[in-house]
Amino acid sequence: MCPLISVSNLSKTYASGFVALKNVNLDIKQGEILALLGPNGAGKTTLISIICGIVNPTEGTVTVNGHDIIKDYRQTRKMIGLVPQELTTDAFETAWGTLRFSRGLFGKKANPKHLEKVLRDLSLWDKKDSKIRELSGGMKRRVMIGKALAHEPEILFLDEPTAGVDVELRKDMWHLVKELRNSGVTIILTTHYIEEAEEIADRVGVINHGEIVVIEEKTELMRKLGKKQLTLELQQSLDQLPAEFRPYNLELSQDGRLITFTYDIHAERTGITSLLSQLNETGIRLKDLKTTQSSLEDIFVTLVKDEPE
Amino acid sequence: MNYYAVMAIYRFEIARTLRTIFQSVVSPVISTSLYFVVFGAAIGSRISDIDGIVYGAFIVPGLIMLSLLTQSISNASFSIFFPKFMGTIYELLSAPVSFYEIALGYVGAAATKSIVLGLIILATARLFVPFEIAHPYWMALFLVLTGVTFSLFGFVIGIWADNFEKLQLIPLLVVMPLTFLGGSFYSVDMLPPFWQKVTLFNPVLYLVSGFRWSFYEVADVSVGLSLAMISLFLCICLTLVWWIFKTGYQIKN
Ligand SMILES: Nc1ncnc2c1ncn2[C@@H]1O[C@H](COP(=O)(O)OP(=O)(O)OP(=O)(O)O)[C@@H](O)[C@H]1O
Ligand SMILES: [Mg+2]
C-alpha cells in the first residue's frame, strides 16, 4: 500500500541560517497513529509546519495522498487538520463562531450538526456561546482541537496536545484520538513523553537535531523494551567461552572479564538459574553481577544524547 | 475558488466590526460630525462661499473622503496585521485558500465597512448642513472605488508591517498630510500659483475633486481625470498585492 504522506529528502534552513531539518525521509501510512518524539528544538514543529503549509521547505518534497503539498495545496490541505503547539485563538470570538469559521475556511459548506457533534465529543457543548478568552487553558486547547476537526479532516496533526493538560483530560483526549483513528483518521502527534507514545501510538519516530534517528513499529520497540541484560563480572578473565555455553548466546567482552546475557523477561524460562549453576559447575567464579533493562526511555536517551554514557 | 473561505473571512470581519461598533463606527461618525459643527455652523458662517457653495456644504464631500480613506486603510491593515500579531494566522496559512482569496475576504470586508461608514457620515452631515447630490450614481462610484482602493492599500500595509510602529507609520506620515492638503477644506485656486502646481501631485486631490463634483458639479480637475486617477491607484494597489504574492509575502518562514 502506498503511503498517505510521503516526505522525501526534506531540509529546512531558517532565514537565520539555522538548519532545523536535515534530509528527512518519512512515510506515514493510512490509518495509523504516529508519535514523533524528540527533545526541545529537535524540529518536530518545523516538520509538521512544512507538511501543513505554514513553513516553506528549503529542499525536498512532501506528498499527501499522491498530491504535492505546494503544487496541489488545495487538495492536500483540505485533508489535513492541525492543532498547533501554541494556544492561539481569537479571544473575542465564541467557541461556536470559531469552529464555524474554520469549517468555512477549509472550503466546507456549513453543517451545524457536525459542529455540534465535535463540540459534544470535546465536552464543550455547554461552552459553545462563551467567548474563548473566558475559557480555561484546557478548554482552549479543546477548542483548538475542535477547530481542526471542524472540516472533517482525514489527517490530524496534534503538536504536543497534552502540554498543560490535566490527567483526566489527557485520558479523554486519548480516548478521542483512538475513536478518530477507528473512524479512519490518520493521526500524527508530537510529544516529549515516552509513556504517551507507548500508550497511544502504532509507530514511534524519534527526531533529534533535525534528523529522524529511528522510526519503528511500537510493538517492535516494545520487544526491545522487553529485553533485559545480565552482566557478570568474572574474577579471572577468560580467553574464550566454553562450548557448552553456546545456547545462551553470551557475549564476552574484549578483556575477557565481562559476560553479557540477554534474555526475554516475558519468556517462561529466562535461563538465568541454569546459566548460573552451569557457570558454577564449570568453576567460573563471579565477582559481581548486575541486570539492566533497555527501556524505550533508554533507547531514547542514548539516541538523543550526543555522547552515550 | 474557495467561496466558503472568502465568505468565512468576510463574515468574521463583519462580526468583529459589529462587536466593536463604538470604536469602528460611532467614534469616526462623532469626530467627523464635530467638523460639521465647527466649520459648518460655527466658523462656516464667517467664511465666504466657495464656487458659490456655502462653506459648510463645500467641505462635506472632502470630509467623507477623509474618513473613507483613513478608515479603509486602518480597517484593512489592522484586520490582517492582527492575526499575524496574535498567531492565529497559522490557520489561514494551513487552509486551502490562495493569497487572492485571503485578500478578497479581508479587503471586501474592510471596503464594505468604510463605504457603509461613508454613507452614515453623509446622512449625519445632512442633519447639520443642507446640500443636494447632483449625481448620486457618480457619487456611489467614487465611494466604492475609493473604499476598495484604499482597503487594498491598507491590506498591503498590514502584510508589510511587522510591528505596531510600521502599521501606523504610513497612515500618519503620508496619508494624513496628503488628505489634509488634498483640498478637503479649500478649493485649489485659493492657493498661490506655485502651490497649485504642487497640489497636483497629491493623489487625494483627484479623489476629493471628483467626489465633490458628483455633489455640486464643481471641481478642481476634470471629472474624467479624477476617474482615471482613481482607476490608476486601484491598478497600482492590485499590482502591489500581486507583487507581494509573487515575491513571497512576509507572513511565512
Ligand atoms: N522562525 C524560525 N527562525 C529561526 N529558527 C527557528 C524558527 N523556528 C524554529 N527555529 C529553530 O528550529 C529548531 C527546531 O524548532 P522546532 O520548533 O521545530 O522544534 P520542536 O522539536 O518542535 O521543539 P519543541 O519540543 O520545543 O516544541 C529550533 O532550534 C528553533 O530554534
Ligand atoms: Mg514544537
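Model, not experiment: these values are computed from the prediction. (Residues numbered from 1 in each chain as written. Chains lettered and ligands numbered in written order. Predicted model: local features only at pLDDT ≥ 70, side-chain atom pairs only at ≥ 80, totals over all residues. Heavy atoms only, no water.)

**Comments concerning the coordination of the magnesium ion (ligand 2)**
Residues and elements named next belong to chain A. Spelled out, the test is: Water is absent from the atoms considered, so a metal site may look incomplete; donors are defined as N, O and S atoms within 2.8 Å of the metal, or 3.2 Å for Na, K and Ca. For helices the rule is a DSSP run of H or I covering at least 4 residues; for strands it is a run of E covering at least 2, with both sets numbered from the N terminus onward. Working definition: with a 1.4 Å probe on protein chains only, accessible area under 20% of the residue-type maximum means buried, over 50% means exposed, and in between means partly exposed.
The coordination sphere of the magnesium ion (ligand 2), as far as protein atoms go, consists of Thr 45 (OG1) and Gln 85 (OE1), spread over 1.8 to 2.1 Å. Pair noted here: Thr 45 is in helix α1 (residues 44-52) and Gln 85 is in the loop between β6 (80-83) and α3 (95-105), with a separation of 40 residues, a long-range link. For Gln 85, a relative accessible area of 29% puts it in the partly exposed group.

**Description of the packing of helix α2 (residues 21-42) of chain B against helix α3 (residues 55-86) of chain B**
Residue and element names in this part refer to chain B. Here is the rule: To define axes, lines are fitted to C-alpha atoms, for helices over the stretch in contact only, and angles between the resulting N-to-C directions are given on a 0 to 180 degree scale. Every angle not falling under 35 degrees, over 145, or within 65 to 115 is termed oblique; those three ranges are roughly parallel, roughly antiparallel and roughly perpendicular. Whether a crossing is left-handed or right-handed is set by the direction in which the near helix is turned from the far one by less than a right angle, anticlockwise for left-handed and clockwise for right-handed. Here, two residues are considered to be in contact whenever any of their heavy atoms come within 4.5 Å of each other. For this classification, the nonpolar set comprises Ala, Val, Leu, Ile, Met, Phe, Trp, Tyr, Cys and Pro, the charged set comprises Asp, Glu, Lys and Arg, and every other residue, Gly included, is treated as polar.
Viewed as axis vectors pointing N to C, α2 and α3 meet at an angle of 155°, and their least axial separation amounts to 10 Å. Judged by the inter-axis angle, α2 sits roughly antiparallel to α3. Crossing geometry of α2 relative to α3 is assigned as right-handed. Counted together, Ser 24, Pro 28, Thr 32, Tyr 35, Phe 36, Phe 39 and Gly 40 of α2 and Tyr 55, Gly 56, Ile 59, Val 60, Leu 63, Ser 67 and Gln 71 of α3 form the full contact between these two elements. Considering only residue class, the contact of α2 with α3 consists of eight nonpolar, six polar and no charged.

**Here's the deal with the pattern of salt bridges**
Residue and element names in this part refer to chain A. The test is simple: Just to be clear on terms, a salt bridge is a Lys or Arg side-chain nitrogen sitting within 4 Å of an Asp or Glu carboxyl oxygen.
One pass over the full model with this rule turns up 16 salt bridges over all chains. Of the charged contacts in the structure, one is a salt bridge between Glu 116 and Arg 120, with a shortest N-O distance of 2.9 Å. Here Glu 116 and its partner Arg 120 are both found in helix α4 (residues 112-121), four residues apart, which amounts to about one turn of the helix. Among the salt bridges present, the one from Asp 202 reaches Arg 181, with a minimum N-O distance of 2.7 Å.

**Here we look at the packing of aromatic side chains**
All names here are of chain B. So the rule is basically this: In this scheme Phe, Tyr and Trp rings, the latter by its six-membered ring, pair at centre separations within 6.5 Å, and the angle between planes marks the pair as stacked below 30 degrees, edge-to-face above 60, and tilted otherwise.
Following the criterion strictly, the structure yields 23 aromatic pairs over all chains and no others. Plain terms: the ring middles of Phe 81 and Phe 164 are 5.0 Å apart, the flat faces sit at 70° to each other, and that makes the pair edge-to-face. With Phe 81 in helix α3 and Phe 164 in helix α7 (residues 164-180), the pair connects residues that are 83 residues apart, well separated along the chain. Aromatic pair Phe 211 and Phe 215: ring centres 5.3 Å apart, planes at 70°, arrangement edge-to-face. With a gap of four residues between them, Phe 211 and Phe 215 both fall in helix α9 (residues 203-216), about one helical turn apart. Given the relative accessible area of 0%, Phe 211 is considered buried. Here Phe 215 falls in the buried class, since its relative accessible area comes to 2%.

**Observations regarding the sheet that holds strand β2 (residues 19-28) of chain A**
Our working definition: Two strands form a pair only when DSSP identifies at least two bridges running between them.
Strand order in the open sheet made by the four strands is β2-β1-β4-β5 (chain A), with antiparallel pairing throughout. Only two strands of the sheet have a single partner each, and these edge strands are β2 and β5 (67-68) of chain A.

**Describing helix α1 (residues 3-19) of chain B**
An α-helical segment advances 3.6 residues per turn. Residues three or four places apart therefore align on the same side. We count it as follows: How far a helix is expected to stretch is found by multiplying one less than its residue total by 1.5 Å.
For α1(B), spanning 17 residues, the distance from its first C-alpha to its last is 24 Å, which sits close to the expected 24 Å at 1.5 Å a residue. Buried residues of α1(B): B:Ala5, B:Val6, B:Ala8, B:Ile9, B:Phe12, B:Glu13, B:Arg16 and B:Thr17, and no others.

**Description of the site of ligand 1**
Counted only if it meets this: For this description, a residue counts as near a given molecule or strand if any of its non-hydrogen atoms is within 4 Å of it. Identification of polar contacts relies on pairs of N or O atoms within 3.5 Å, with a donor-acceptor requirement for protein atoms, meaning one able to donate a hydrogen and the other able to accept it, and with residues adjacent in sequence counted only if both atoms are side-chain atoms. Surface accessibility follows the Shrake-Rupley procedure with a 1.4 Å probe radius. Residue values consider only the protein chains on display as shielding.
Taken together, 16 residues lie around ligand 1, and A:Asn40, A:Lys44, A:Thr45, A:Thr46 and A:His192 are the ones closest in. More than a single chain frames ligand 1: its nearby residues are located in chains A and B. A:Gln85 is positioned such that a nitrogen or oxygen atom in its side chain is 2.7 Å from an oxygen atom of ligand 1. Its free accessible area being 640 Å², ligand 1 has 69% of it covered by the protein chains. Looking at which element gives the most residues to the shell around ligand 1, the answer is α1(A), with three residues. Class assignment of the residues belonging to the shell around ligand 1 gives a composition of five nonpolar, nine polar and two charged.

**Comments concerning the domain arrangement of chain A**
This is how it is decided: Domain extents, as shown, originate in an automatic or database domain assignment.
Domain annotation of chain A identifies domain 1 (5-217) and domain 2 (227-293). Each of domain 1 of chain A and domain 2 of chain A has a C-alpha centre, and the two are 47 Å apart.

**Some remarks on the interface of chain B and chain A**
With 23 residues of chain B in contact, the opposing surface of chain A contributes 30 residues. Remark: the boundary between chain B and chain A carries three salt bridges. Of the charged contacts, one joins B:Glu91 and A:Lys147 as a salt bridge, the two residues approaching to 3.0 Å between their closest N and O atoms. The tally of links between chain B and chain A comes to eight residue pairs in polar contact (both at pLDDT 80 or more).

**Looking at the pairing of strand β9 (residues 203-208) of chain A**
The two faces of the sheet receive side chains in turn, since in a regular strand these alternate between them. Residues and elements named next belong to chain A. Taken across its six residues, β9 has six buried, putting it largely inside the fold. Residues of β9 alternate between two faces, with Arg 203, Gly 205 and Ile 207 on one and Val 204, Val 206 and Asn 208 on the opposite face, all of them buried. Summarising the sheet, strand β3 (residues 33-37) and β9 pair through four bridges and their orientation is parallel. Bridge pairing in β9 places Leu 34 opposite Arg 203. With six bridges joining them, β9 and strand β10 (residues 211-217) adopt antiparallel strand pairing. Across the sheet, Val 204 pairs through a bridge with Glu 216, a residue of β10.

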